[in-house]
Amino acid sequence: MQSKTLRPSPITPTVDLDKQGVQHGFLRLPYSRDDSAWGSVMIPIAVIRNGNGPTALLTGGNHGDEYEGPIALFDLARTLDVGRVGGTVIIVPAMNYPAFRAGTRTSPIDRGNMNRSYPGKPDGTVTQKIADYFTRELLPRADVVLDFHSGGRTLDFVPFAAAHILPDKVQEAKGFDAVKAFSAPWSMRMLEIDAVGMYDTTVEEMGKVFVTTELGGGGTARAETVAIAKRGAMNVLRHAGIVSGKIDHRDTRWLDMPSRDCFSFAEDEGLIETMVDLGDSVKEGQVIARIHPIGRTGIAPAEIRTKLTGLLAARHFPGLVKPGDCVAVVGTVD
Ligand SMILES: [Zn+2]
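If you check an unreviewed UniProt entry, the protein chain appears there as N-alpha-acetyl-L-2,4-diaminobutyrate deacetylase from Phyllobacterium bourgognense.

Shown next, in the form of structure tokens:
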């Protein structure tokens, strides 16, 4: 995938990824700027290692305005008992750390969307350098990879864990098994709008077991969704045989995204009126949202009709939309 002539990553870890025990440190990425001539971006990382068992890589903050992952992972890094670990747990609670600090989806440094920057570049932007470090240094160590997402400021989701349909059916089955172990209220066989540049794609192309999530959104986290994230992380570690103890199985219902017909996009700007709530059943052709023009009175709203029968899995969060915004995602129920 990567040519051998790539220069080394500029990132220096302050932890030893091979050392036994619990370490809290940083991935230090040089970033020279006005307020810090020889400064660095300091990305928090925890390494919890006991013996030579399998390795899990757990990440949040791939997008900086999604909070269930960072909350669950800062908490896990502090509380995970190394005595219960048989292997290695690498935790990076906020992968796109500059974006996380700014509370924005993309990095304030280079506008980099981390999940469109993979596999990254060692001589690229700050965001691309972080991606490259994961691709070449962290991911090769991992057997199982869990990356937390939520809807951020502009989307809200029914809480689900997800894996992708993959060409390798053995790898695909392992992904869905790990999703089942995660035990979110919903489990998704996921379709991406455009998989190019995604962490997910890089991880899966390396043959790793990969679980992602969408646990809520709106630029915040709720007690319910944080609890799902915490339980899910522990369950995936138990499922991988890295942490001892029984999986806390909960009922989950499977959703599918069978085609691009899942997605509805706004073609107008205006005030969005949702006609159904997250988790509600919808029927093909049903009006699920209306977009009211806001320039003048007396004009009928545009109607958004779902092309599928299923349930509302995601919706636009802010009250105003513009052309091109994703306004709804409908999943079909297994
Ligand atoms: Zn995200």
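And the narrative resumes.
**Q** Got a sec to walk through the overall build of the protein chain? Specific residues and values, please.
**A** Along the backbone of the protein chain there are 6 helices and 19 strands. Relative to the 2.2 N^0.38 estimate, which gives 20 Å for 334 residues, the radius of gyration of the protein chain is 20 Å and therefore close to what a compact globule would have. Here the protein chain, with 334 residues, has 53% of them falling under the buried criterion. A sequence separation of at least 24 residues applies to 70% of the contacts in the protein chain between residues at least 6 apart. A total of about 14700 Å² of accessible surface is found on the protein chain, and carbon and sulfur atoms cover 50% of it. Seen as two clouds, the 37 positive and the 40 negative side-chain charges of the protein chain have centres 4 Å apart.

**Q** Please provide a residue-by-residue account of a nonpolar patch on the surface, values included.
**A** Nonpolar side chains collect at one region of the surface, where L271, I294 and L320 lie side by side and expose about 290 Å² of accessible area between them. Relative to the helices and strands, L320 is located in strand β18 (residues 320-321). Residue classification places L320 among the exposed residues on the basis of a relative accessible area of 52%.

**Q** Describe unusual backbone geometry, and please don't skip the residues or the numbers.
**A** Of note, the amide linkage connecting Y118 to P119 takes the cis form, showing an omega dihedral of 5 degrees. Here P119 is to be found in the loop between α2 (97-102) and α3 (126-138). Unusually for a residue other than glycine, R111 sits at a positive phi of about 60 degrees. Turning to its location among the elements, R111 is positioned in the loop between α2 and α3. One non-glycine residue, S183, adopts positive backbone phi at about 65 degrees. Mapped onto the elements of the fold, S183 is located in the loop between α4 (169-182) and β9 (186-190).

**Q** Which residues make up the domain arrangement of the protein chain, and what are the values?
**A** Taken domain by domain, the protein chain consists of domain 1 (2-254) and domain 2 (260-333). Taken together, the contacts link 13 residues of domain 1 with 16 residues of domain 2. Buried area between domain 1 and domain 2, both sides added, is near 1300 Å², and the carbon and sulfur share of it is 71%. Among the residues domain 1 hides against domain 2, the three largest losses belong to D156, V158 and I193. Together they make up 37% of the total. Across the contact surface, domain 1 and domain 2 share 0 salt bridges.

**Q** Residues and numbers for the pattern of salt bridges, please.
**A** Using the criterion set out here, one finds 16 salt bridges in the structure. Where R250 meets D248, a salt bridge forms, and the shortest distance between an N and an O atom there is 3.0 Å. Overall, the relative accessible area of 30% leaves D248 in the partly exposed class. The partner of E303 in a salt bridge is R305, and the shortest N-O contact between them spans 2.8 Å.

**Q** Quick rundown of the nonpolar core? Include the residues and the values.
**A** If you look at the biggest cluster of nonpolar residues, it comprises 34 residues, and the most contacted ones within it are L58, L76, L80, V89, I91, F182 and L237. Counting residues per element, this core draws most heavily on helix α6 (residues 223-239), at 6 residues. In contact with I91, not counting residues within four places along its chain, are P44, I45, A46, I48, L58, L73, L76 and A77.

**Q** Break down the sheet that holds strand β15 (residues 287-292) for me, citing the residues and quoting the values.
**A** Here 4 strands make up an open sheet; going across it, the order is β16-β15-β13-β18 and the pairing antiparallel. Edge positions in the open sheet fall to β16 (302-305) and β18, since each of these has one partner strand only. As paired strands, β15 and β16 are joined by 4 bridges and run antiparallel to one another. Within the sheet, the bridge partner assigned to R290 lies in β16 and is E303.

**Q** Now, about the side chain of Q23: what can you tell me, with residues and values included?
**A** Within the element layout of this structure, Q23 appears in strand β2 (residues 21-30). For Q23, the side chain forms a polar contact with the main-chain oxygen of D16, separated by 2.7 Å.

Calculation criteria
- Residues numbered from 1 in each chain as written.
- Predicted model: local features only at pLDDT ≥ 70, side-chain atom pairs only at ≥ 80, totals over all residues.
- Heavy atoms only, no water.
- Helix = DSSP H or I, 4+ residues; strand = E, 2+ residues; numbered from the N terminus.
- Rg over C-alpha atoms; globule rule 2.2 N^0.38 Å.
- Buried < 20%, exposed > 50% of the residue type's maximum accessible area, 1.4 Å probe, protein only.
- Contact = heavy atoms within 4.5 Å.
- Areas by Shrake-Rupley, 256 points an atom, 1.4 Å probe, with all protein chains shown as cover.
- Lys, Arg positive; Asp, Glu negative; His and termini not counted.
- Charge placed at Lys NZ, Arg CZ, Asp CG, Glu CD.
- Patch = residues over 30% accessible without salt bridge, like charges linked within 9 Å, V, L, I, M, F, W, Y side chains within 5 Å.
- Salt bridge = Lys/Arg side-chain N within 4 Å of Asp/Glu carboxyl O.
- Domains from an automatic or database assignment.
- Buried area = accessible area lost by both parts, 1.4 Å probe.
- Core = buried A, V, L, I, M, F, W, Y, C linked by side-chain atoms within 4.5 Å.
- Pairing = 2+ DSSP bridges.
- Polar contact = N/O pair within 3.5 Å; in protein donor to acceptor, adjacent residues only side chain to side chain.

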